Amino acid sequence: IGASLLVIRAVIMGPPGSGKGTVSGRITKTFGLKHISSGDILRANINAQTELGLLMKSCIDQGQLVPDDVISRLILNDLRAIDGRSWLLDGFPRTVSQAEALDDVYTLDTVINLNVPFQTIKQRLTSRWTHLPSGRVYNTDFNPPKVPGFDDDTGEPLFQRDDDRPETVTRRLKSYETQTEPVLEYYRSKGVLETFSGTETNKIWPHVEVFLQRKLSSINQKVE
Ligand code: ATP
Ligand code: MG
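Here the structure is a predicted model, which means the values were calculated and not measured.

Peer 1: Would you mind going over the packing of aromatic side chains with me for this structure?
Peer 2: Centre distance and the angle of the planes are the two values used to describe a pair of aromatic rings. Under the counting rule described, the total for this entry stands at three aromatic pairs. Arranged with centres 5.3 Å apart and planes meeting at 85 degrees, the rings of Trp87 and Tyr106 form a pair that is edge-to-face. Of this pair, Trp87 sits in strand S3 (residues 87-90) while Tyr106 sits in the loop between helix H5 (96-103) and strand S4 (110-115); the two residues are 19 residues apart in sequence, bridging distant segments of the chain. Of the residues examined, Trp87 reaches a relative accessible area of 1% and is grouped as buried. On the basis of an interplanar angle of 65 degrees and a centroid distance of 5.8 Å, the ring pair of Phe196 and Phe211 is categorised as edge-to-face.

In structure tokens:
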């Protein structure tokens, strides 16, 4: 029995604009987990104009959640396709019903919760720019691209997401409060919730990194 059996199943949570995308990128790069982002998957469906994408577009543009059964089926399907690999879920589950659907199939090792004040978030979302094909995000305030308006890796143009407009941001934060905060309670009661608080991603990240290093080595020891 060796390190190849080491599998970690993790979820990252936090309000929209809490730095989930950035921290997820660092986690997957550092620890080799597969990144599964519900928002990226939905946007890819919209871009490719799939039937599902077309159905979900108005929901997403208005800052509303897509139906639980639709997103749960989509994500669980993707997870089945990478069975046996380590993964990090980002943007799913967003409701207790989604968390239960996931729980029916997989046991989570950890849930990383980014706790960032709402005031900080509102300011951030409206200055956020996204490279749509990859999901890479920049912020004109604290994480600008090397060339303004263009992606560092590909040189392609960046866009401001329709759902990052101020009215929509308020609606997304509201839905986070009413629908997603109960998921934090759900995981807290299961003893897998790990909360990291702060206002800057670069200050939160080292704590997440150390935590996951410890977590991985403790799982490693159990395997060996
Ligand atoms: P951020 O990526 O900064 O955390 P966000 O969480 O608001 O922002 P995404 O995760 O990219 O945005 O999701 C965009 C939209 O896709 C959501 O506003 C919602 O309409 C839909 N969506 C994504 N994941 C789910 C989910 N698990 N359940 C229901 N709807 C979802
Ligand atoms: Mg996201």
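Peer 1: I keep staring at the site of ligand 1 and nothing clicks. Help me out?
Peer 2: Around ligand 1, the surrounding shell holds 20 residues, and the nearest of these are Ser38, Gln64, Gly91, Arg128 and Arg172. Here a nitrogen atom of ligand 1 and a backbone polar atom of Gly91 are 2.8 Å apart. Within the side chain of Gln98, a nitrogen or oxygen atom sits 2.9 Å from a nitrogen atom of ligand 1. Summarising the interface, the protein chains cover 95% of the accessible area of ligand 1, which totals 600 Å² for the free molecule. For the shell around ligand 1, the element with the most residues is helix H2 (residues 38-47), which contributes four residues. Taken together, the residues of the shell around ligand 1 sort by class into seven nonpolar, six polar and seven charged.

Peer 1: What should I look at first to understand the packing of H2 against helix H4 (residues 68-81) in this one?
Peer 2: In a packed pair of helices, the relevant descriptors are the angle between the two axes and the axis-to-axis distance. The geometry of H2 relative to H4 is characterised by a closest axis approach of 11 Å and an angle of 100 degrees between their N-to-C directions. Judged by the angle between their axes, H2 and H4 are roughly perpendicular. Packed against H2, whose contacting residues are Ser38, Ile41 and Leu42, the element H4 presents Ile71, Leu74, Ile75 and Asp78 at the interface. Residues of the contact of H2 with H4, tallied by class, amount to five nonpolar, one polar and one charged.

Peer 1: When you look at the pairing of strand S1 (residues 9-13) in this model, what are you seeing that I'm missing?
Peer 2: Taken across its five residues, S1 has four buried, putting it largely inside the fold. Of the pairings in the sheet, the one linking S1 to S3 comprises four bridges and is parallel in character. Residue Arg9 lies in a different strand from S3, and its bridge partner there is Trp87. The sheet contact formed by S1 and S4 spans four bridges and is parallel. Looking across to S4, one finds that Met13 is bridged to Asn113.

Peer 1: Would you take a moment to explain unusual backbone geometry for this structure?
Peer 2: Outside of glycine, negative phi angles account for most residues, and trans bonds account for most peptide bonds. Look at the link from Phe92 to Pro93: it is a cis peptide, with omega at 0 degrees. For Pro93, the location among the structural elements is in the loop between S3 and H5. Even without being glycine, Gln49 reaches a positive phi, approximately 50 degrees. Relative to the assigned elements, Gln49 resides in the loop between H2 and helix H3 (51-61).

Peer 1: Explain the nonpolar core here, please?
Peer 2: Proteins that are soluble and globular tend to have nonpolar side chains buried together. Core analysis: the largest hydrophobic core is formed by 32 residues, its most contacted members being Ile75, Leu79, Trp87, Leu89, Leu102, Val111 and Tyr187. The set of elements that each furnish at least two residues to this core consists of S1, H2, H3, H4, S3, H5 and helix H7 (166-190). The biggest single contributor to this core is H4, with six residues. The contact partners of Leu102, leaving out residues within four places of it in the chain, are Val11, Leu76, Leu79, Trp87, Leu89, Phe92, Pro93, Leu108 and Tyr187. Core analysis: the second largest hydrophobic core is formed by 24 residues, Val23, Ile27, Leu88 and Ile121 among them.

Peer 1: Teacher, can you tell me more about the packing of H4 against H5 here?
Peer 2: With their axes 10 Å apart at the nearest point, H4 and H5 run at an angle of 30 degrees to one another. One way to sum up the angle between H4 and H5 is to call them roughly parallel. The interaxial crossing formed by H4 with H5 has right-handed handedness. Along its contact with H4, which presents Asp68, Ile71, Ser72, Leu76 and Leu79, the element H5 presents Ser97, Gln98, Ala101 and Leu102. Considered class by class, the residues forming the contact of H4 with H5 number five nonpolar, three polar and one charged.

Procedures and definitions
- Residues numbered from 1 in each chain as written.
- Chains lettered and ligands numbered in written order.
- Predicted model: local features only at pLDDT ≥ 70, side-chain atom pairs only at ≥ 80, totals over all residues.
- Heavy atoms only, no water.
- Phe/Tyr/Trp six-rings, centres within 6.5 Å; stacked < 30°, edge-to-face > 60°.
- Helix = DSSP H or I, 4+ residues; strand = E, 2+ residues; numbered from the N terminus.
- Buried < 20%, exposed > 50% of the residue type's maximum accessible area, 1.4 Å probe, protein only.
- Near = heavy atom within 4 Å.
- Polar contact = N/O pair within 3.5 Å; in protein donor to acceptor, adjacent residues only side chain to side chain.
- Areas by Shrake-Rupley, 256 points an atom, 1.4 Å probe, with all protein chains shown as cover.
- Nonpolar A, V, L, I, M, F, W, Y, C, P; charged D, E, K, R; others polar.
- Axes fitted to C-alpha atoms, helices over the stretch in contact; angles between N-to-C directions.
- Parallel < 35°, antiparallel > 145°, perpendicular 65-115°, else oblique.
- Contact = heavy atoms within 4.5 Å.
- Pairing = 2+ DSSP bridges.
- Core = buried A, V, L, I, M, F, W, Y, C linked by side-chain atoms within 4.5 Å.
- Left-handed = near helix turned anticlockwise from the far one by under 90°.

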